[in-house]
Amino acid sequence: MSAISLTDINKTFCQTADRKNGNDTSGIEVLKSITLDIGQNEFVALQGTSGSGKSTLLHIIGLLDRPTSGRYELTGLDTSTLDDDRQSDLRNRALGFVFQSFYLIPYATALENVILPGLYSGVPRTELKARAESLLEQVGLADRMDFNPSRLSGGQQQRVAMARALLNEPDIILADEPTGQLDSATSTEIMKLFHTVHDSGKTIVLVTHDEDVAKEAGRIIKLHDGMIAEDVR
Ligand SMILES: Nc1ncnc2c1ncn2[C@@H]1O[C@H](COP(=O)(O)OP(=O)(O)OP(=O)(O)O)[C@@H](O)[C@H]1O
Ligand SMILES: [Mg+2]
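Scope of this entry: the structure provided in the associated data block. Remember, predicted model here, so these are calculated numbers, not experimental data. (Residues numbered from 1 in each chain as written. Chains lettered and ligands numbered in written order. Predicted model: local features only at pLDDT ≥ 70, side-chain atom pairs only at ≥ 80, totals over all residues.)

**A word on the pairing of strand E10 (residues 227-232)**
As judged from the 5 bridges shared by strand E9 (residues 219-224) and E10, these two strands associate in the antiparallel manner. Looking at E10, one finds that Ile220 is bridged to Val232. (Pairing = 2+ DSSP bridges. Helix = DSSP H or I, 4+ residues; strand = E, 2+ residues; numbered from the N terminus.)

**Considerations on helix H7 (residues 184-199)**
End to end, H7 covers 22 Å across 16 residues, agreeing with the expected 22 Å (1.5 Å per residue, within 8%). Within H7 the residues assigned to the buried category are Ser187, Ile190, Met191, Leu193, Phe194 and Val197. An end-on view of H7 places all buried positions within 155° of arc, on one side of the element. Every exposed residue of H7 that faces more than 90 degrees away from the buried side is listed here: Ala185, Lys192 and Asp199. (Expected span 1.5 Å × (residues − 1). Buried ≥ 20, exposed ≤ 12 C-beta atoms within 10 Å, placed from the backbone. Arc of directions from axis to C-beta.)

**Details of the site of ligand 1**
Taken together, Phe13, Val30, Gly48, Ser50, Gly51, Ser52, Gly53, Lys54, Ser55 and Thr56 make up the full set of residues adjacent to ligand 1. Per-element accounting of the shell around ligand 1 gives the leading share, 3 residues, to helix H2 (residues 54-61). (Near = placed C-beta within 6 Å.)

**Thoughts on helix H6 (residues 154-166)**
An ideal rise of 1.5 Å per residue puts 18 Å on 13 residues; H6 measures up with 19 Å between its terminal C-alpha atoms. The element H6 is largely enclosed, with a buried count of 12 among its 13 residues. Among the residues of H6, Gly155, Gln156, Gln157, Gln158, Arg159, Val160, Ala161, Met162, Ala163, Arg164, Ala165 and Leu166 are the ones counted as buried. On its buried face, H6 sits against strand E6 (95-99), helix H4 (110-115), helix H5 (125-138), strand E7 (172-176) and H7. (Contact = placed C-beta atoms within 7 Å.)

Laid out in structure tokens, this is it:
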């Protein structure tokens, strides 16, 4: 069974400005007939020029947005049959997210930030806290758990974001430019963490502009103008 299976996925965004003018409302096609299978424990880098549709595709894979048409199966489940609540459940259970700007809550500590995605999982708070502490130790932040994000370096904030992504023990990690704001030494450090996570059996889809980062993946998929232009293992 594939981790992620996309068949003929299209995404069109409405052009509001045009609609106001009473013009054509056909919208812009951002993803065009994307068919793609990602197996369990694959490490995929998603590349392409700005505007080629990478984030849009990652949002669809992450159940943060729905395709306009096409079929998307996540761990064998046809996601189109799920209502928004059941999609949220599946998202919280199966997927972990790491973004370029870390989206940490500024007034919460590192530990509280990592616990956050577990609050609706039904897992008791003591268990969440133990998990979060263990994850922060694994990413090398045992001595920074009580720090607010503003007192952490960029690399440390990204490590908190990785620990947070792993809290619900998802099988799939989705990352959008996770090293985009980091210098090359810190970026190397974060990529080491991705390898550790990959070695533990997880599937990774990572959007990156950085060729060196992309080379670390086992498979590179290039998007061009909303279509898959290249898919190399
Ligand atoms: N909510 C939206 N409404 C309308 N158009 C959108 C929306 N989101 C994205 N787009 C358009 O879709 C296209 C692809 O955007 P997307 O964010 O997926 O690109 P990207 O490949 O991630 O680019 P970047 O490398 O700059 O992050 C762009 O032309 C963008 O303007
Ligand atoms: Mg993007």
